Amino acid sequence: METKMSAAKVKMRQKKMRNQPASVQYSVSPGDAESSARRTGVDSPVTGEAGDIEDPSSVHPNIERPKNPHPRGGWVRGHQRDGGGYTKEMPKYITAGAFARARAAEVSTMLKAVTKTTGSCHVFGALPKHMRRRAMSHNTKRLPCRLRELANRLREKSLQASSKKKKEEAKGRSRKARRQHGNLLLEFNRRQRKNIWLETHIWHAKRFHMVKRWGYCLGLRPTYKCYRPSYRAMSSHCLLQDLSYYCCIELLGEEVELLASLSQLTSKEAGPTFAAALCLSGQRQGSVVVYRAGQYPTQPLGPVTFLWRPRAQGSTHRQLWIWAHPTIKQDLLPELQTVCQCCEAVLPPIPPVPAPEPEKTPKAKQMTGTKQKRTCKNDSEPPAKKTLGDGTRSPNTPVTWKSLSNGIVISDLTMEIVRYRLIGPQSHSVLVETMEAATCCNEIDKSQPAPLWWPEQCRDERKMNLHQQQADIFHLLKGIYSTGELPSGTVLGLTVDDPRLTLPTKRVKALPCVKQAQEVGGEEEKRRDLMLRGVPAPYCQSDLWERSVRDNVTDNKLSQKELNRMKSELLVPGSRLSPTPLQGRVPLLLVHQPGKQVYRDVRIGGLTMSLKHSENKGAAHFPHDYPDCPAGARFQEEQEAQLLSKFKRYPPAKRPNYIKHGCLAPFCCPWQQLAEEWDLILSEGEKGGGRQTQMTMQTDAERQSGDINATKPLRRVTVLRNRKSLRVLSGWCRPTTSKGQRARSGGSPLDLSAMTRFLSAHGTSLVWVRLSLLSKGKPELHAMVCAPTAEDLKLLGKEPGACGPVEPPHREPFKRLTRRQQKGPRTAAASEKTQAKESDPSAEPKPRKSKGPLPSPDLTFGLWADPLPSVTSHCSRVTLGWVTHGDFSLSAGCGEALGFVSVAGLLHTVLNQPMERRGTLLLRNPTAMHYRFAKVNLEV
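What you see is a predicted model; the values in this text were computed from it and never measured.

**Side note on the overall build of the chain**
Then step 1. Within the chain, the regular secondary structure consists of 31 helices and 24 strands.
Then step 2. Counting the 940 residues in the chain, one finds 42% classified as buried.
Then step 3. As presented, the chain carries roughly 55,400 Å² of accessible surface, and 53% of it is formed by carbon and sulfur atoms.

**Re the environment of Leu 938**
Then step 1. With respect to the helices and strands, the residue Leu 938 is situated in the segment after strand S24 (932-937).
Then step 2. Expressed as a C-alpha distance, the spacing of Leu 938 and Trp 768, which sit 170 residues apart in the sequence, is 7.0 Å.

**Details of the pairing of strand S8 (residues 286-291)**
Along a regular strand, successive side chains alternate from one face of the sheet to the other.
Then step 1. Burial of S8 is extensive: five of the six residues sit out of reach of the surface.
Then step 2. One ladder, built from six bridges, connects S8 with strand S9 (residues 300-308); its direction is antiparallel. Pairing of Val 289 across the sheet is with Pro 303, part of S9.

**Notes on the confidence of the model for the chain**
Then step 1. When the pLDDT values of the chain are averaged, the result is 77; 73% of them are 70 or greater.
Then step 2. The low-confidence segment residues 24-80 (pLDDT under 50) makes 61 contacts with residues lying over four places distant or belonging to another chain.

**Description of the packing of aromatic side chains**
Then step 1. Summed over the entire model, instances satisfying the criterion amount to 17 aromatic pairs.
Then step 2. Taken together, the aromatic side chains of Trp 214, Tyr 216, Tyr 245 and Tyr 246 make up a single cluster linked through ring pairs.
Then step 3. Taking NZ or CZ as reference, Arg 213 lies 5.9 Å from the ring centre of Trp 214, over its face.
Then step 4. Stacked on the ring of Trp 323, the Lys or Arg Arg 419 has its end atom at 4.7 Å from the ring centre.

**Overview of the packing of helix H8 (residues 227-236) against helix H21 (residues 607-617)**
Then step 1. Contact pair H8 / H21: the axes reach a minimum separation of 11 Å and the direction vectors enclose 55°. On the basis of their axis angle, the class for H8 and H21 is oblique. Read as a crossing pair, H8 and H21 show a hand that is right-handed. Along the contact surface, H8 presents Tyr 227, Ser 230, Tyr 231 and Met 234, while H21 presents Met 609, Lys 612, His 613 and Asn 616.

**Regarding the sheet that holds S8**
Then step 1. Taken in spatial order, the seven strands make up an open sheet running S8-S9-S10-S7-S13-S12-S11, and their pairing is antiparallel. Looking at which strands have only one partner, the edges of the open sheet turn out to be S8 and strand S11 (344-346). On average, adjacent strands in this sheet sit at an angle of 30° to one another, irrespective of strand direction.
Then step 2. Relative to strand S7 (residues 247-254), helix H9 (residues 255-262) is tilted by about 130°, and along the sheet it contacts S7, S9 and strand S10 (317-324).
Then step 3. With respect to the sheet, helix H11 (residues 326-339) is in contact with S7, S8, S9, S10, strand S12 (400-402) and strand S13 (409-412), its orientation differing from that of S9 by roughly 75°.

**Section: the environment of Gly 862**
Then step 1. Along the chain, Gly 862 turns up in the loop between helix H30 (825-839) and strand S21 (879-889).
Then step 2. Setting aside its immediate chain neighbours within four residues, Gly 862 contacts Asn 657, Tyr 658 and Ile 659.

**Let's talk about the pattern of salt bridges**
Then step 1. Here the structure, examined in full by the defined rule, presents 24 salt bridges.
Then step 2. The partner of Arg 311 in a salt bridge is Glu 255, and the shortest N-O contact between them spans 3.3 Å. With Arg 311 in the loop between S9 and S10 and Glu 255 in helix H9, this residue pair connects regions lying 56 residues apart in the sequence.

**Observations concerning the sheet that holds strand S4 (residues 208-213)**
Then step 1. Sheet architecture is open: three strands sit in the order S3-S5-S4, paired in mixed fashion. The sheet is open, and its two borders are formed by strand S3 (196-197) and S4, each paired with just one other strand.
Then step 2. As defined by bridge partners, S3 adjoins strand S5 (residues 216-222) across two bridges and the pair is classed as parallel. Residue pairing in the sheet places Trp 197 in a bridge with Cys 217 of S5.

**Observations regarding helix H24 (residues 671-683)**
Then step 1. Here H24 contains 13 residues, and its C-alpha end-to-end distance of 18 Å stays within 8% of the 18 Å for a straight helix at 1.5 Å per residue.
Then step 2. Every buried residue of H24 is listed here: Trp 671, Gln 673, Leu 674, Ala 675, Glu 676, Glu 677, Trp 678, Asp 679, Leu 680, Ile 681 and Leu 682.

**Points about the packing of helix H26 (residues 723-733) against helix H27 (residues 752-762)**
Then step 1. One can describe the packing of H26 onto H27 by two numbers: an axis separation of 12 Å at closest approach and a directional angle of 140°. Judged by the inter-axis angle, H26 sits oblique to H27. In the packing of H26 onto H27, the handedness of the crossing is left-handed. Mapping the contact onto sequence places Ser 725, Leu 729 and Trp 732 in H26 and Ala 754, Phe 758 and His 762 in H27.

**Observations concerning the side chain of Ser 765**
Then step 1. Among the secondary structure elements, Ser 765 is positioned in strand S19 (residues 765-773).
Then step 2. Assessed through its relative accessible area of 5%, Ser 765 is described here as buried.
Then step 3. Here Thr 718 takes part through its side chain, which lies 3.3 Å from a polar atom of the side chain of Ser 765.

**Observations concerning a nonpolar patch on the surface**
Then step 1. On the surface, a nonpolar cluster with roughly 300 Å² of combined accessible area is contributed by Val 107, Met 110 and Leu 111.
Then step 2. By the element assignment, Met 110 lies in helix H3 (residues 96-115).
Then step 3. By relative accessible area, Met 110 is classed as partly exposed at 49%.

**A few points about the pairing of S4**
Then step 1. For S4 and S5, the ladder comprises six bridges, and the chain directions are antiparallel. Among the inter-strand pairings, His 209 is bridged to a residue of S5, identified as Arg 221.
Then step 2. Taken together, S4 and the strand that follows it, S5, pair antiparallel across an intervening segment of two residues, in which Trp 214 is found at a positive phi of about 60°.

**With respect to unusual backbone geometry**
Then step 1. Of note, the bond from Tyr 296 into Pro 297 is cis; its omega dihedral lies within 30 degrees of zero at 5°.
Then step 2. Among the structural elements, Pro 297 can be located in the loop between S8 and S9.
Then step 3. Following Asp 866, the chain continues to Pro 867 via a peptide bond in cis, the omega torsion being 0°.
Then step 4. The topology assignment puts Pro 867 in the loop between H30 and S21.
Then step 5. For His 782, which is not a glycine, the phi torsion comes out positive at approximately 65°.
Then step 6. Take His 782: it is sitting in the loop between S19 and strand S20 (784-786).
Then step 7. Take His 782: its relative accessible area is 4%, and that puts it in the buried class.

**What to know about the side chain of Thr 414**
Then step 1. Turning to its location among the elements, Thr 414 is positioned in the loop between S13 and strand S14 (420-423).
Then step 2. Of note is the side chain of Thr 414, whose polar atom sits 3.1 Å from the side chain of Lys 329.

**Let's talk about a negative patch on the surface**
Then step 1. A cluster of like negative charges, contributed by Glu 637, Glu 638, Glu 640 and Asp 866, occupies part of the molecular surface.
Then step 2. What makes Glu 637 exposed here is its relative accessible area of 55%.

**Examining the state of the cysteines**
Then step 1. In total, this model carries zero disulfides according to the counting rule given.
Then step 2. The closest cysteine sulfur to the non-disulfide-bonded Cys 458 is located on Cys 441, 3.7 Å from its own sulfur.
Then step 3. The exposure class assigned to Cys 458 is buried, which follows from its relative accessible area of 5%.

**Some words on the environment of Leu 220**
Then step 1. By the secondary structure assignment, Leu 220 is in strand S5.
Then step 2. For Leu 220, a relative accessible area of 17% gives the class buried.
Then step 3. It is 5.6 Å that separates the C-alpha atoms of Leu 220 and Met 210, two residues lying 10 residues apart in sequence.
Then step 4. Look past the residues within four positions of Leu 220 in its chain and what remains in contact with it is Phe 208, His 209, Val 211, Arg 213, Gly 606, Leu 607 and Thr 608.

Conventions and cut-offs
- Residues numbered from 1 in each chain as written.
- Predicted model: local features only at pLDDT ≥ 70, side-chain atom pairs only at ≥ 80, totals over all residues.
- Heavy atoms only, no water.
- Helix = DSSP H or I, 4+ residues; strand = E, 2+ residues; numbered from the N terminus.
- Buried < 20%, exposed > 50% of the residue type's maximum accessible area, 1.4 Å probe, protein only.
- Areas by Shrake-Rupley, 256 points an atom, 1.4 Å probe, with all protein chains shown as cover.
- Pairing = 2+ DSSP bridges.
- pLDDT = per-residue confidence, 0-100.
- Contact = heavy atoms within 4.5 Å.
- Phe/Tyr/Trp six-rings, centres within 6.5 Å; stacked < 30°, edge-to-face > 60°.
- Lys NZ or Arg CZ within 6 Å of the ring centre and 35° of its normal.
- Axes fitted to C-alpha atoms, helices over the stretch in contact; angles between N-to-C directions.
- Parallel < 35°, antiparallel > 145°, perpendicular 65-115°, else oblique.
- Left-handed = near helix turned anticlockwise from the far one by under 90°.
- Salt bridge = Lys/Arg side-chain N within 4 Å of Asp/Glu carboxyl O.
- Expected span 1.5 Å × (residues − 1).
- Polar contact = N/O pair within 3.5 Å; in protein donor to acceptor, adjacent residues only side chain to side chain.
- Patch = residues over 30% accessible without salt bridge, like charges linked within 9 Å, V, L, I, M, F, W, Y side chains within 5 Å.
- Lys, Arg positive; Asp, Glu negative; His and termini not counted.
- Charge placed at Lys NZ, Arg CZ, Asp CG, Glu CD.
- Disulfide = S-S within 2.5 Å.

Below, the structure written as structure tokens:
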């Protein structure tokens, strides 16, 4: 079988033979050529262009070829595939004239190929490849002398051909000028007009992946591997995070007026409020979920933490700080202004502009060797040496609002207070080793008037006694092994020396000194009292509450340059400065961070570690796990857009087909639709598992027809936060896990009447749950939480390590429409017309009848389009909710997931389960077909 040369090989051969000469360039008639060949014995002349493939038999007719030659299988580089066809014997004689003419044609073609430039019309093509350099295109003097003139002409022609000449760029300033302190501040203020920088931004930018989020530039995760080291730091040592981006709102006024106004935003059913006794005294930091005024349990705004300043003796005027996430501020601040009746804005005082000093030297002498400093072009911009508030706002922007009726004053202290969080059992050891209580000033410093705040404090004997008592309590922390031994939310006020003065010369890991502290007599009883009762209220006082002290510390901070100069003058390098500079005192508020479990070898974490910390505690993380809050709804929309954009960037062949997997919402969680369907299911009175699927299919038809809202008014989905109801629901689910938790006793047993009463108040609510897998597996984001059938529970009873059932593949209803949409409207119409003509040439194409709901125009292959069908009955197992966080838990040693489930669906599932299997659910990832058994756990 004879094979032909492929088109690619033909093109490659033509390209290689493009400049090769023909064997003979003179033309003769075929007859003359044959006779001449017989007479002379030279090559038979064949006219043709360069690159023609010649038959070897016409070159040497006197040489006999094999009678049965091998079939030629195409041209191969350098030789014939069959190895034959070329003569292997020298000709007996040649004609000089014909031979010379053939060689002359070859030489002429060779010279023509060498002198001709390439298709790019550059002179560099005339050079050999080993002489071609990219730098020659910028400097023609690098070319050989014979090509410089031509290169210059081409360069001038290209410059003249351009219609628009490039504008000469302004010469930038030198690096020395750019690195000046004033110019750096102006440049940094310009770069953070849209996204604010924290004080530790430059440190994080060198070591972290930075993201622009919530109007700030924040560190997401370190550039090095940090997952397991960060977990070890949180579980056994210490992890540090910069939380200065949290917004602080200050309230000033009478205690009665403040509590009356704030009571409209909270409810006692959801836990302690702003009026909790320990929090109101200033001994504890509290946390609460705030709602819109009078709208509990609907319309929540989000969680906040608050801290009261301890009461002053004989005064009812109180001061309150509320710390909130940046996404809540835009909703919380107007709500606080409404309930406190603070509508009048108080403009901040404009700082006076100092008059320019008269020149003392001649102008000509002053200009020589001086550096020109940049000044603000606009008077409204902040000065170069001071950052106002968040660093970008105008000095005339109001940040204070006052009420004329009740005297309450609201102030926005965003970015005015630095806040750090230390996570881990050895956090107090790190604090004790890093910071030292402020030393008292000398008598000389006390007598001399100074603009600093600490010498004035040292003159007041009562304040110094309080400072000494606070320092003694701070030193008691050395004898405590773990921060878990202290009461949750304990507050301690303290003034310390500048931590830069006390840093060690070597990096040493801070550990508790329990044995050494126990040897000191008389402190064991104090330490035990501190662990049981916490810090007394008078010792929670701090100068950080005073705005004048904060401004004084900020304005008179010792610069790093001056500090380094003072350290260089020490006689013993590495020793501490003595006496301590007067500017080196910083007021602090130490607040104990509740949990289940800088420099002193502390690991630094970013936003990712904050999320992992919440996962390890099993607590909801804001705004990820607050779907009923405005900030949580906005976050879910942004997350859905990001995941969908990432999904569409993959080619269709590399995407998971979520329709076949039976996953309706892989990028978002339709909580409202889930709550409505379960509320409708249980309101119809259907309790059987077999009839439940039939009823949910009916709900699907009603939803697509638009009749689901006609039977019952729409109720907005909420998250169940009532403490009493959560305890009852947790007892019904019997959260007994392998961690040693015991079942809650007491309360009414779970039956049909108790479930009906419970659902009458919380029918459309969601509940926060923690799911622990009973076998292998790793939960993922937006995994489905489903109810197992009776057969599934029997399988689990027979095989405790069973993986669970398997979801059958689903059918794609919009497969043809999706492909037709990818082809385009013209191609789709042409294919329909062709198919119609082939079936019946005389008939006209008929419109296609749709058998189901038409998809939206932006149909994506592998994704369901809106409106979604029934989310509860779409799969073989009934859906109860979805997972918002899932991963392998290093603390539990198994896969754990956090998410929300419908209260109605959970109760309906638990009621139909046997007592020994209550609380057993199924979990399935969006890209998997296997269900995994999991145990549900409700923590109050």
